[in-house]
Amino acid sequence: MSEPDMHILLAYKSHREGADDPYTSLLPVGLLTINAVLREAGFSSLVANLSRIGREEIIRLLRSGAPSVVGLSQFTHNRFETLEMARLVKEVLPGCFVLLGGPHATCRWQEMLESSPCVDAVALGEAEMTMLELAGQLRSGGIDPSRPIPGLAFRGADGRVISGGQRPVVERLDEIPLPGRYIDNSIGVDPRQQLEFLITSRGCPSACSFCSSPRFWGRRLRFRSPGSMIEEIRYLRDRYGLIYFSIRDDTFTADRKRVLEFCRLLLEQRIFVLWNCQSRVNALDSEMLGWMKRAGCECIQLGVESGSQKVLECLGKKITPAESETAAILIRDVGIRLSVYLISGTIPETDEDITATCRLIESMRPSDGQVSPLVYYPGTALFEEGVKRFGVAPDLFERDRSPSFPVRADHNVAKTTRRLLKSLESVAGRTQFIDSDYRGHKKLLGYCHTTNLMAGEYLAACGNELGAEREYREIVMSEPDNPWGWLALGEFYGDCGRIDDSIAAFLRLSELVPSHEPAFRALGELFKLTGDRKKSRYYQKRADELLAG
Ligand code: SF4
């Protein structure tokens, strides 16, 4: 067990205070897994998202919590905010051990330690086991310079920077405890929002020139087992009422057999959830997509980047526009929504290349997409090339406070971004599946709640109430224990003014998923409409308790 005075705070602060986006509202998942490993080993630790918390409140939190160790997660966008936090911690708690981790710190550890006296150490790459060993040494009196910790760089007593070298990665990801079990005492974190995001594998064998993911997680893929994924989903459904998940692996479908087993378990154990994931255009096939859709996958995001082979080659992205087109056809055939990531402002980009990307968007017809200007990140081949060939300053990230560094700063990049966004908007009206598509999906896959939910939503939007109700009712007739059917019916009846039917549907949902806060909130509102104040208050209170708990 830990000493009572050894308390660890794992924190993150984004660069835009007050912004309402995932950068500010969500913690990096890595902090949650480090926290889980520490807590399971008996250390007292907690996670904090300080992005929306002002300086005075942070000082108060530091004073009252008095952590002995503060670990800060550093990305390129928040590198200065993180250093300011490190300074603040040392100001308030001079004896506190401050370390940085995360993708930016991993790539710039030497610069950090040499130029920032407020930083005592940097954890390199994935940091669960490094933190565990460090916490153990600190608890026993401090870092022993004669026994450098693998994966940790630190400043020795004489001011010299010492690196413990690379730490072997965690081989068995299943052994990392579930983060959701240890989020209870967090600060600035909404567990329901945060825990929707799952990571089920680490590593990427590709070497895209703009991406530092392989440098951080390694190039060898490691996977959690389907059983561990199911355990996490079950836990989050039971504890937090979550029935929608976003799987953030770089390429969720990299191991086909694992994906099929995951889908089989979801179906066999009647775990009715919806989910989305990221994949690669050349890591998909129609059989796997069919099972993914049956098991609740409603959207796939693909890193398409460009419609120009020349640009793809320059990015080191080993895919072709033809593969992107084929992936889009396969995804559309089973009726999963498609979202694409595109890149603008590459060095060789010409008007022809942009036109090729617009043509690709036209043919792929994604439901939505993101266009990001190509930027330099530390630890990427792109940045190294920029330094060698294009006069980019090697200390770019230290000397310039910009949150990001576009490779091309000319106004054409903004123009290209706008053009690609317009192209995405222009196909938006033609991406929606229509009646004939849904008939095709049903013929191909048989009954599947994901199709019914999408079809019901489409029919309701078209004003076809009878059709929408039929789709939703088919779900609860086929699978009376499917919460999504009851949720869809509850909302649909509510919209139609059928209050009693809506109440009945939400009551059934609340029985199936007793932690589903929105169901209790809806019941509170619905009973208010019926004039039953007592029941309304009861369900509102229950919803509040769920949120607080
Ligand atoms: S962009 Fe995706 S595929 Fe390419 S290296 Fe990064 S994670 Fe891997």
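Residues numbered from 1 in each chain as written. Predicted model: local features only at pLDDT ≥ 70, side-chain atom pairs only at ≥ 80, totals over all residues. Heavy atoms only, no water.

**Digging into the environment of Ala-460**
Heads up, the condition is: Runs of E in the DSSP output that reach at least two residues are strands. Runs of H or I that reach at least four are helices, and both are numbered from the N terminus.
Secondary-structure assignment places Ala-460 in helix H20 (residues 449–461). When the C-alpha atoms of Ala-460 and Phe-492 are compared, they prove to be 8.1 Å apart, with 32 residues separating the residues in sequence.

**Some remarks on the site of the ligand**
Going by this rule: It suffices for a single heavy atom of a residue to lie within 4 Å of a molecule or strand for the residue to be listed as near it. Polarity classes work like this: nonpolar for Ala, Val, Leu, Ile, Met, Phe, Trp, Tyr, Cys and Pro, charged for Asp, Glu, Lys and Arg, and polar for all others, with Gly in that last group.
If you check the shell around the ligand, you find Cys-204, Ser-206, Cys-208, Phe-210, Cys-211, Pro-214, Asp-250, Arg-280 and Lys-317 and nothing else. Its residues assigned to classes, the shell around the ligand comprises 5 nonpolar, 1 polar and 3 charged.

**Re the environment of Ser-339**
To keep it simple, the criterion reads: The classification of residues rests on relative accessible area computed with a 1.4 Å probe and restricted to protein chains. Under 20% of the type maximum is buried, over 50% is exposed, and intermediate values are partly exposed. Whether two residues are in contact is decided by their heavy atoms: any pair within 4.5 Å suffices. Counting of polar contacts relies on pairs of N or O atoms within 3.5 Å, with two restrictions inside protein: one atom must be capable of donating a hydrogen and the other of accepting it, and residues adjacent in sequence are counted only when both atoms are side-chain atoms.
By the element assignment, Ser-339 lies in strand S14 (residues 337–344). Note on Ser-339: relative accessible area 8%, which makes it buried. A sequence separation of 123 residues divides Ser-339 from Cys-462, and the C-alpha atoms of the two residues are 23 Å apart. Residues within four places of Ser-339 in sequence aside, it is in contact with Cys-299, Ile-300, Gln-301, Leu-302, Asp-368 and Gly-369. Within the local environment of Ser-339, its side chain forms a polar contact with the side chain of Asp-368, the two groups lying 2.5 Å apart.

**Topic: the nonpolar core**
Quick reminder of the rule: By convention a nonpolar core is built from buried Ala, Val, Leu, Ile, Met, Phe, Trp, Tyr and Cys residues, the set being connected through side-chain atoms within 4.5 Å.
The biggest cluster of nonpolar side chains holds 114 residues, and the ones touching the most others in it are Trp-275, Met-292, Ile-300 and Leu-302. Here this core gets 7 residues from one element, more than from any other, and that element is helix H22 (residues 483–496). Other than its neighbours up to four places away in sequence, Ile-300 contacts Cys-277, Ser-279, Leu-284, Leu-289, Met-292, Ile-331, Ile-336, Arg-337, Leu-338 and Ser-339. Leu-9, Ala-11, Leu-113 and Val-119 belong to the second-largest nonpolar core, a separate cluster that totals 31 residues.

**What to know about the sheet that holds strand S12 (residues 274–279)**
Rules: Here the rule is simple: two strands pair whenever DSSP picks up at least two bridges between them.
Read across the open sheet, the 6 strands follow the order S8-S11-S12-S13-S14-S15; overall the sheet is parallel. Edge positions in the sheet fall to strand S8 (197–198) and strand S15 (368–373), since each has one partner strand and no second. Across 6 bridges, the pairing between S14 and S15 is parallel. Bridging across to S15, Ile-343 finds its partner in Ser-372.

**Some words on unusual backbone geometry**
Leave glycine aside and you will find that most residues have negative phi; peptide bonds, for their part, are mostly trans. The backbone phi angle of Arg-270 is positive, close to 55 degrees, even though this residue is not glycine. Residue Arg-270 is classed as partly exposed on the basis of its relative accessible area of 39%. Phi angles above zero are rare outside glycine, and Arg-365 is one such case at about 50 degrees. Along the chain, Arg-365 falls in the loop between helix H15 (351–364) and S15. Here Arg-365 falls in the partly exposed class, since its relative accessible area comes to 29%.

**Quick look at the domain arrangement of the protein chain**
Many descriptions give the size of an interface as the accessible area lost when the pieces come together. The criterion, for reference: Domain delimitation in this document rests on an assignment produced automatically or drawn from a domain database. Buried surface area refers to the total accessible area, computed with a probe of radius 1.4 Å, that the two partners give up upon joining, counted for both partners together.
For the protein chain, the assigned domains read domain 1 (7–163), domain 2 (196–428) and domain 3 (436–548). Of note, the centres of domain 1 and domain 2, computed from C-alpha atoms alone, are 29 Å apart. Contact between domain 1 and domain 2 buries roughly 1700 Å² in total, counting both sides, with carbon and sulfur atoms accounting for 57%. Of all residues in domain 1, Phe-80, Arg-108 and Glu-126 bury the most surface against domain 2, accounting for 31% of the area lost on that side. Seen at the junction of domain 1 and domain 2, the total is 9 residue pairs in polar contact (both at pLDDT 80 or more). Broken down by secondary-structure element, the contributors of at least two residues to the side of domain 1 that touches domain 2 are helix H2 (29–40), helix H4 (79–92) and helix H5 (103–107). In terms of residues, the side of domain 1 that touches domain 2 owes the most to one element, H5, which gives 4 residues. The residue inventory of the side of domain 1 that touches domain 2, partitioned by class, reads 5 nonpolar, 8 polar and 6 charged.

**Concerning the sheet that holds strand S7 (residues 161–163)**
Condition: Axis definition: a line fitted to C-alpha atoms, limited for helices to the stretch in contact. Angles are taken between N-to-C directions and run from 0 to 180 degrees.
Here we have 7 strands laid out as an open sheet, ordered S2-S1-S3-S4-S5-S6-S7, and mixed in their pairing. Edge positions in the sheet fall to strand S2 (44–49) and S7, since each of these pairs with one other strand and no more. Each strand axis lies, on average, 20 degrees off the axis of its neighbour in the sheet, ignoring direction. Sheet topology places strand S3 (residues 69–73) next to strand S4 (residues 97–101); 5 bridges connect them, and they run parallel.

**A look at helix H7 (residues 128–139)**
To keep things clear, this is the line we draw: One less than the number of residues in a helix, times 1.5 Å, gives the span that helix is expected to have.
With 12 residues, H7 should reach 16 Å at 1.5 Å per residue; the first-to-last C-alpha distance of 17 Å fits that figure. Buried residues of H7: Glu-128, Thr-130, Met-131, Leu-134, Ala-135, Gln-137 and Leu-138, and no others. Positive backbone phi, at 125 degrees, marks Gly-141, one or two positions downstream of H7.

**Quick word on the pattern of salt bridges**
Formally: Think of a salt bridge as a Lys or Arg side-chain nitrogen and an Asp or Glu carboxyl oxygen that are within 4 Å of each other.
Using the criterion set out here, one finds 41 salt bridges in the structure. The partner of Arg-264 in a salt bridge is Glu-268, with the nearest N and O atoms 2.4 Å apart. With a gap of 4 residues between them, Arg-264 and Glu-268 both fall in helix H11 (residues 256–268), about one helical turn apart. As a salt-bridge pair, Glu-511 and Arg-508 come within 3.0 Å of each other at their nearest N and O atoms. With Glu-511 and Arg-508 both in helix H23 (residues 499–512) and 3 residues apart, the pair spans about one turn of that helix. Under the relative-accessibility criterion, Glu-511 is labelled exposed at 55%. A relative accessible area of 27% means that Arg-508 is categorised as partly exposed. Taken together, the salt bridges that share partners define one network made up of Glu-126, Glu-128, Arg-202 and Arg-222.

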